[in-house]
Each structure stands twice: as structure tokens, then as C-alpha cells.
Amino acid sequence: MPLPILRAEQTYLGLIDEAERLPALLRAMASEGKDDMMAGDELPEVTLRRLEAWATHEYLGSLHLLRRADVAFAVEVVLRGLLEFYAHVAWIHHGLPGDGTQSPRMRALCLELGIATEANAALKKKLLGWGAFDKRAEAAATQRLADVNLLHSAEGCSCKGRNWRGVLPVLENLRRQGIVWPQGLWVISSAAAHQLLPGRVEVDLGDGTSDFLSIAAYQWRAALLEYVIRAFGLAGVRILDMVQSAESAERLRLWCEHFVADERLKSAADGRLDRSAMEQMSAISATIRRGHPAP
Ligand SMILES: [Zn+2]
């Protein structure tokens, strides 16, 4: 791909390139000292790895969206998935007050039961209208649900499995602990997914009329990039605390802090990149006008 002409664009894309390293970094750190990148079949590690694998798609997908000014607004919808990932991981990590003596292993099993239950409901009821349906998939889902059920009850838990309803109480609990941003962001992201934020791409022209934005400014994209990093990265920090060590978790936390303190991100977040892009485009268009005088 040729280098973009605008210096602001080069700076911003350099940041996105760097952000793309995070999932591989997390996986490398999580598998340090193990036989391979995907080693570790114990709970909660196996559950955390499955959550991470799915969230990695949402994370890298978010970065793809943030690369392009004309689709970046859609990140607000994808963010909800990343926040739910963060909430599930935070819950497995420390649970909620009132969860009693449950361990991370137990909580991972409660979530596995919820996942297997949802997969069965989706295959056997909710997706029936989709027509052609593989009986082997149904058999596998049924078997999986039976296996997980057995493991779960053997641990002494009588819950019906953890589902999406468990997410908001975790975010509210984080808020009470002073980690405020995930819940507010979850509300905004939910509103965006429910199509209740069309105003996001509408701009007041100041003369009683409005128009629709066709591109997202660097300033807006930088703010969202920071949240995408925090949601995925801080979930990663908790994963490392569970499957490696507090030191390993701290190293990843520092990587995230370093990223959000990066001068390039700050220059995007405070509007400098947008101004720089406008100035350079004006200069380029002035040069073109000089070189191609009107007849
Ligand atoms: Zn349970």
C-alpha cells in the first residue's frame, strides 16, 4: 500500500499498526513457559482463551473500522462486544459481592454452562427458520451441554448458567469500585446497536439546517481507539493475572498505559491531527491552483 500523502494520516495509521500487535502480545505472554500458544486445558484458562479468541476478532475488526474515516462510526456498535468480554473476564477474575466462595474455576464453568445452553437454544429453536440444518451440529451441541452440565453440578453449583444478563451488574460493580468508563460506554454502545444514535453522524450547520457527516474525524477516532485498547487490553491484564502472574499482568497494563499516553494518540485526541490535515490539504489545493491557473 502506498504511503498516504497526509502526514496526519501517516501518524494515525502508525498508531493503528501498533495497536494491532496487542492480541499477539497477549497470547505470547499468556503462553510463556508453556508448550505452545494454545496450551492449558484447565479451567478457567480454557474458558478465558475461548473468550479471548472471539474478542480478538472484535478487537482487530474495530481497528479495521477505525483505520477508515468512512466506516469508523460503526466501532461504537462493535465496542459492546468488547465490553461484554471485559465484563465476563472481570467476573471470572473476582466475581461479585454475594457470589460467596465461588472460585474463578467455578465461575468459568457457570459461564460455560450459559454458553452451551445458548448454543442449544440457538440451534434447536431460535435459528430453525434458517432452513437447512446440520444434525451433527445439533448432536454435538447436545453432547456438549450434557458434559458441561455434569462438570458444573459436580462442582456443587445449582445455577442455570450465566448469560448476558450477568454483564450489567459486573459493570455497575466496577463503577462502584471507581472504574467508571465501561458502564457508560456500554450504555452508549447499546444505544448505537439499538439504532438510537443517528445523531452521531449529523452535524448542525448553524443556519437552522443540518447535514450528515460522511467521515469521522481523527479526534473522534482517537477517543474510540483508546476505549478499544482499554476494553481488550485490561481484560488481557486480568487474564494474565489468572493464567500467569501479577508481574506478567503488570507488564501488559504498562503496555496499555504507554499506548494511551503516546504523543501521537494525544495529538489525534486533542484535534491537532485534524487541524494539520486541513492545513496540509489547503496548502496542496493552493499549490494546485497556482500550477493550473484559471483560463
Ligand atoms: Zn453455576
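In this text the structure is predicted, and so the values were computed from the model without any measurement.

S.K.: With reference to specific residues and values, describe the overall build of the protein.
M.R.: The helix and strand inventory of the protein stands at twelve helices and two strands. Shown N-terminal to C-terminal, the secondary structure of the protein runs as helices and strands in the order α-α-α-α-α-α-α-α-β-β-α-α-α-α. Its C-alpha atoms put the protein at 85 × 50 × 40 Å along the principal axes. Within the protein, counting contacts between residues at least 6 apart in sequence, those at least 24 apart form 73% of the total.

S.K.: Could you give an account of the environment of Gly233, naming the residues involved and the relevant values?
M.R.: Mapped onto the elements, Gly233 comes out in helix H9 (residues 218-243). Between the C-alpha atom of Gly233 and that of Arg253, which follows or precedes it by 20 residues, the distance is 7.3 Å. Once residues lying within four places of it in the same chain are set aside, the contact partners of Gly233 are Leu22, Leu252 and Cys256.

S.K.: Would you mind going over the nonpolar core in detail, with residue names and values included?
M.R.: Counting 67 residues, the largest nonpolar core has Leu82, Tyr86, Val228 and Ala231 as its most contacted members. If you tally residues by element for this core, the top one is H9, at 16 residues. Setting aside its immediate chain neighbours within four residues, Tyr86 contacts Pro182, Ala231, Leu234 and Ala235.

S.K.: Residue-level account of the packing of helix H2 (residues 22-30) against H9, with values.
M.R.: Each pair of packed helices can be summarised by the angle the axes make with each other and by the distance between the axes. The interhelical angle for the contact between H2 and H9, taken along N-to-C directions, is 5°, at an axis separation of 10 Å. If you check the angle between H2 and H9, you find them roughly parallel. Contacts between H2 and H9 involve Leu22, Leu26, Met29 and Ala30 on the former and, on the latter, Phe232, Gly233, Gly236, Ile239, Leu240 and Val243. In the contact of H2 with H9, the residues fall into eight nonpolar, two polar and no charged.

S.K.: Lay out the environment of Ile239 with the relevant residues and their values.
M.R.: Relative to the helices and strands, Ile239 resides in helix H9. Once the C-alpha coordinates of Ile239 and His93 are considered, the two residues, 146 residues apart in sequence, prove to be 7.8 Å apart. Each residue touching Ile239, except ones within four places of it in the same chain, is listed here: Ala30, Leu48, Glu52 and Val89.

S.K.: Describe the packing of H9 against helix H10 (residues 246-260), naming the residues involved and giving the relevant values.
M.R.: Packing of H9 against H10 brings their axes to within 7 Å, and their N-to-C directions diverge by 170°. When the axes of H9 and H10 are compared, the pair comes out roughly antiparallel. Between H9, through Glu226, Ile229, Arg230, Gly233, Leu234, Gly236, Val237, Leu240 and Asp241, and H10, the contact on the second element is made entirely by Ala246, Ser248, Ala249, Leu252, Arg253, Cys256, Phe259 and Val260. Per-class residue counts for the contact of H9 with H10 are ten nonpolar, three polar and four charged.

S.K.: I'd love a proper account of unusual backbone geometry, names of residues and values included.
M.R.: Trans is the prevailing form of peptide bonds, just as negative phi is the prevailing case for residues other than glycine. With an omega of 5°, the peptide bond between Leu43 and Pro44 qualifies as cis. Of note, Pro44 is situated in the loop between H2 and helix H3 (45-67).

S.K.: Can you tell me about helix H8 (residues 181-193), naming the residues and giving the values?
M.R.: Taking 1.5 Å as the rise per residue, H8 with 13 residues should run 18 Å; its terminal C-alpha atoms sit 18 Å apart, in good agreement. Buried residues of H8: Pro182, Gln183, Leu185, Trp186, Ser189 and Ala192, and no others. At its buried positions, H8 is contacted by helix H4 (75-94), helix H7 (167-176) and H9. Just beyond H8, the residue with positive phi is Gln195, at close to 65°.

S.K.: Let's hear about helix H12 (residues 272-291): which residues, and what values?
M.R.: Along its 20 residues, H12 runs 29 Å from first to last C-alpha, staying within 8% of the 28 Å computed at 1.5 Å per residue. In terms of burial, H12 is largely open, as just one of its 20 residues are buried.

Quick notes on the rules
Residues numbered from 1 in each chain as written. Predicted model: local features only at pLDDT ≥ 70, side-chain atom pairs only at ≥ 80, totals over all residues. Helix = DSSP H or I, 4+ residues; strand = E, 2+ residues; numbered from the N terminus. Contact = placed C-beta atoms within 7 Å. Core = buried A, V, L, I, M, F, W, Y, C linked by C-beta atoms within 7 Å. Buried ≥ 20, exposed ≤ 12 C-beta atoms within 10 Å, placed from the backbone. Axes fitted to C-alpha atoms, helices over the stretch in contact; angles between N-to-C directions. Parallel < 35°, antiparallel > 145°, perpendicular 65-115°, else oblique. Nonpolar A, V, L, I, M, F, W, Y, C, P; charged D, E, K, R; others polar. Expected span 1.5 Å × (residues − 1).

Structural measurements only, silent on function.
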